[in-house]
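# Breakdown of the fold
One letter stands for each residue in the lines below.
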Amino acid sequence: MFRTYDRQNQQPDRQHVLLTQQLLGVLGEETYFARQDAEQARKLAANRHAALVTEEREQARAKHFMKCPKCGMQLDEIAFGGINVDKCFSCEGLWLDKGESDLLRQKDDGFMTRLLGVFGG
């Protein structure tokens with residue numbers, strides 16, 4: 001009989017403890033720290049992903065640096081109109097870096113200006 005009474009009294013005591021913890025903010029504190037841990041894990045994963053993307057970009061850049069976009073052979077710099085441009089001696093392609101088309105346009109008012117006007121405004 002006493003055991004039955006004790007078991008019946010334990011259930012309301014647990015509810016009372018949970019209610020007391022809620023009122024005192026103990027459960028809210030656990031939730032707060034769980035959210036903080038999850039946010040920290042998300043930030044760490046985002047940082048790892050960003051580092052991986054940067055590393056992959058650098059590897060691709062090193063792999064393709066000074067390679068012809070058309071045939072994949074090595075590019076060589078040559079002087080063309082006082083400007084160093086990249087030339088592929090395999091497919092005879094001529095490649096301009098950023099700003100080089102504007103420099104060519106400024107130096108030449110003839111054919112190059114008309115040609116570059118078609119591609120660059």
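Scroll up a little and you will see the structure.
Let us look at the structure shown here. (Residues numbered from 1 in each chain as written. Predicted model: local features only at pLDDT ≥ 70, side-chain atom pairs only at ≥ 80, totals over all residues. Heavy atoms only, no water.)

By the definition in use, this model includes 1 aromatic pair. With a centroid separation of 5.3 Å and an interplanar angle of 75°, the aromatic rings of Y32 and F33 are classed as edge-to-face. With a relative accessible area of 45%, Y32 lands in the partly exposed category. Classification of F33 by relative accessible area gives partly exposed; the value is 45%. Above the face of the F89 ring, K87 is positioned so that its terminal group lies 5.5 Å from the ring centre. (Phe/Tyr/Trp six-rings, centres within 6.5 Å; stacked < 30°, edge-to-face > 60°. Buried < 20%, exposed > 50% of the residue type's maximum accessible area, 1.4 Å probe, protein only. Lys NZ or Arg CZ within 6 Å of the ring centre and 35° of its normal.)

Turning next to the side chain of E100. Residue position: E100 is located in helix α3 (residues 100-107). Within the local environment of E100, its side chain forms a polar contact with the backbone nitrogen of D97, the two atoms lying 2.7 Å apart. Discounting chain neighbours no more than four positions away, the residues touching E100 are I83, N84, V85 and W95. (Helix = DSSP H or I, 4+ residues; strand = E, 2+ residues; numbered from the N terminus. Polar contact = N/O pair within 3.5 Å; in protein donor to acceptor, adjacent residues only side chain to side chain. Contact = heavy atoms within 4.5 Å.)

Structurally, the position occupied by D86 is in strand β2 (residues 83-88). Lacking a salt bridge, the buried D86 has R61 as its closest oppositely charged neighbour, with an N-O distance of 11 Å. (Lys, Arg positive; Asp, Glu negative; His and termini not counted. Salt bridge = Lys/Arg side-chain N within 4 Å of Asp/Glu carboxyl O.)

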